[in-house]
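# Examination of the molecular architecture
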Amino acid sequence: MVIILALGSNSGGQLATSDLEDVHTLAPCKFAAKDRVNISNSTEKWHVCGGGNHAFAWSSDGTHLLACGSNKDGERGCGYASSTPVLEWVPIIFPGRRVVQVACGWNHTLLLNEQGEVYAAGSNGFGQCSTASIGGAWSRVLPSSIDTAEPVVFTSIACGLRHSLALSNNGLVYGWGACRAGQLGMLDDGKNAKVQSIMLISDKLPPISMITCGRSHSILLSCDRQTVFVSGQDKYAQCGPSNVQPTAGAWRSFRFHRPALKICSGWEFGAALLEPPHGDKTSSGAIVAWGRSDHGQLAQATQAPFYRELVDVPLADVCDLACGSNHVVAMTVNGDAFMWGWNEHGNAGDPSLKDVFQPARVSSGRSVSGARHIVNTGIGCGYGNSYVIQSQRSSAD
């Protein structure tokens, strides 16, 4: 049995709680009646991500895709745009055999399927969908020109506020959308407010293994999983430590002291889940972060507007990490969910609505009932909300 809990901003119905009220403590999401049985009986792990006012959930086997929230620009990919929000999780028809990943911008969405194809839906005012999405339908994103006759096979996608990235299976990164701040790694000559045709942006970099986007910056991780490349806005040091003077549109680089298992980004900060020290079999992942910190995004006891150097987040044994616009959700190996950062809508787990400056465990109502117990199996973020995914299992699992 799968349960999705949510809290935070709900102005578009993105919490799927049947209304438009913000939620300050984790509450169960609602599923459309016609799909409730299939989802509640699913044994697959689930994933959730959100944008400004919409969200998606999908099963790890890629056979189920759900969405909720706003669809003003067709960002739910349901084939039409509507000013009426959807207040519960509803099934979405998707292109291809199986869904691999979904990524959300403010009001656009990318979808990666099993065939390695990328599709987009939603607003295209800054070219973030590459080719215009007609009536909220999924439109395939294709490179306009490539150096090989072979089709490009994509393995990962990421969305900024109004720009998009896709990573190919040979370690090349393609980008499109807003680029005035240099988030696509190109120098601003006054003509590059947006790039509507998907283009190769990592041709002068080594092969890349992971990608993520902030509001107006992009973060790439090389295949050594330690060398980081960042380009874009740097007002809050979100481009990280470097001996190079920040230049809009130029890739800057720095290194993690250990290989990263995952990278993610808020609007003006970055975070990475690092492997434990070599040979240490007693601990799991640790988090480092950099950039904007005025709302507690970096979980530092000493408050500062931002940190350019990498700082350690005081939370041990982390197995997963997700970033909202200015808050963070993490899950530890024992299944506990922790949240911190900006909390205006209760999205960092504190009902007082005060910002949270240290990782705080958030009760998710896990319980034991007879021979079955409920455990946290995943986490996710929208820009102003958070999700915890649970599964009901037998005690023998």
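Use the structure listed above.
Right, let's walk through the structure included here. Because the structure is predicted, anything quoted here is derived from the model rather than measured. (Residues numbered from 1 in each chain as written. Predicted model: local features only at pLDDT ≥ 70, side-chain atom pairs only at ≥ 80, totals over all residues. Heavy atoms only, no water.)

### Quick word on the overall build of the protein chain
A count of helical and extended segments in the protein chain gives one helix and 29 strands. Contacts spanning at least 24 positions in sequence make up 52% of the contacts within the protein chain whose residues lie at least 6 apart. As displayed, the protein chain has an accessible area near 15,800 Å², and 51% of this comes from carbon and sulfur atoms. (Helix = DSSP H or I, 4+ residues; strand = E, 2+ residues; numbered from the N terminus. Contact = heavy atoms within 4.5 Å. Areas by Shrake-Rupley, 256 points an atom, 1.4 Å probe, with all protein chains shown as cover.)

### Regarding unusual backbone geometry
Working note: non-glycine residues mostly have negative phi, and peptide bonds are mostly trans. One non-glycine residue with positive phi stands out, namely Ser18, at about 75°. With respect to the helices, strands and loops of the structure, Ser18 is situated in the loop between strand 1 (2–8) and strand 2 (23–28). Unlike most non-glycine residues, Arg225 shows phi in positive territory, near 65°. By the secondary structure assignment, Arg225 is in the loop between strand 16 (217–222) and strand 17 (227–232). Taking relative accessible area as the criterion, Arg225 reaches 26% and is therefore assigned partly exposed. (Buried < 20%, exposed > 50% of the residue type's maximum accessible area, 1.4 Å probe, protein only.)

### Brief notes about a negative patch on the surface
A cluster of acidic residues, Asp19, Glu21, Asp22 and Glu344, forms a negative patch at the surface. Here Glu344 is to be found in the loop between strand 25 (337–341) and strand 26 (356–361). (Patch = residues over 30% accessible without salt bridge, like charges linked within 9 Å, V, L, I, M, F, W, Y side chains within 5 Å. Salt bridge = Lys/Arg side-chain N within 4 Å of Asp/Glu carboxyl O. Lys, Arg positive; Asp, Glu negative; His and termini not counted. Charge placed at Lys NZ, Arg CZ, Asp CG, Glu CD.)

### Here we look at the pattern of salt bridges
Following the criterion strictly, the structure yields twelve salt bridges and no others. Between Glu114 and Arg97 there is a salt bridge, and its shortest N-O distance comes to 3.1 Å. On the criterion of sequence distance, the pair formed by Glu114 in the loop between strand 8 (108–113) and strand 9 (118–122) and Arg97 in the loop between strand 6 (82–91) and strand 7 (99–104) is long-range, its members being 17 residues apart. A relative accessible area of 40% places Glu114 in the partly exposed class. The class for Arg97 is exposed, based on a relative accessible area of 56%. Glu117 is paired through a salt bridge with Arg140; the nearest N and O atoms lie 3.6 Å apart. Of this pair, Glu117 sits in the loop between strand 8 and strand 9 while Arg140 sits in strand 10 (residues 139–141), and the two are 23 residues apart along the sequence. Taking the relative accessible area as the measure of exposure, Glu117 reaches 16% and is therefore buried.

### Side note on the environment of Asp320
Relative to the helices and strands, Asp320 is located in strand 23 (residues 318–323). Taking the relative accessible area as the measure of exposure, Asp320 reaches 17% and is therefore buried. Between the alpha carbons of Asp320 and Gly378 there is a distance of 7.7 Å; along the sequence they are 58 residues apart. Ignoring any residue separated from it by four or fewer positions in sequence, one finds Asp320 in contact with Lys262, Leu273, Val329, Ala330, Met331 and Ile379.

### Some remarks on the sheet that holds strand 6
Sheet architecture is open: four strands sit in the order 3-4-5-6, paired in antiparallel fashion. Taken across any chain shown, the strands that pair with only one partner, and hence form the sheet edges, are strand 3 (46–50) and strand 6. Taken over all neighbouring pairs, the strand axes of this sheet differ in orientation by 15° on average, direction set aside. (Pairing = 2+ DSSP bridges. Axes fitted to C-alpha atoms, helices over the stretch in contact; angles between N-to-C directions.)

### Concerning the nonpolar core
Ile4, Leu26, Val48, Ala57, Trp89, Met339 and Tyr387 are the most contacted members of the largest nonpolar core, which has 32 residues in total. Broken down by element, the residue count for this core peaks at six residues, all from strand 1. Leave out the neighbours within four places in its chain, and Val48 touches Ile4, Phe56, Ala57, Trp58, Trp89, Ile379, Gly380, Cys381, Tyr387 and Ile389. Grouped together as the second largest cluster of nonpolar side chains are 21 residues, Leu298, Tyr307, Trp340 and Ala348 included. (Core = buried A, V, L, I, M, F, W, Y, C linked by side-chain atoms within 4.5 Å.)

### What about the environment of Leu298?
Locating Leu298 in the fold gives a position in the loop between strand 21 (286–292) and strand 22 (306–312). Residues in contact with Leu298, not counting those within four places in the same chain, are Phe269, Ala289, Trp290, Gly291, Arg292, Ser293, Tyr307, Val311, Val313 and Trp340.

### Details of the sheet that holds strand 21
The strand order across the open sheet formed by four strands is 19-20-21-22, and the pairing between neighbours is antiparallel. Of all strands in the sheet, those with a lone pairing partner are strand 19 (260–265) and strand 22, marking the two edges. When the angles between neighbouring strand axes are averaged without regard to direction, this sheet yields 10°. Sheet topology places strand 20 (residues 269–274) next to strand 21; six bridges connect them, and they run antiparallel. By the bridge assignment for strand 21, Ala272 is matched with Val288.

### Focus on the packing of aromatic side chains
Applying the stated rule across the entire model yields nine aromatic pairs. For the ring pair Phe254 and Trp290, a centre distance of 5.3 Å and an interplane angle of 75° mean the geometry is edge-to-face. Within this pair, whereas Phe254 is found in strand 18 (residues 252–255), its partner Trp290 is found in strand 21, the two being separated by 36 residues in sequence. An identical accessibility class is assigned to Phe254 and Trp290; each is buried. Between Phe256 and Trp290, the aromatic rings sit 6.0 Å apart at their centres with planes inclined by 50°, giving tilted as the arrangement. Highlighted residues: Phe256 in the loop between strand 18 and strand 19 and Trp290 in strand 21, separated in sequence by 34 residues. Taking relative accessible area as the criterion, Phe256 reaches 2% and is therefore assigned buried. (Phe/Tyr/Trp six-rings, centres within 6.5 Å; stacked < 30°, edge-to-face > 60°.)

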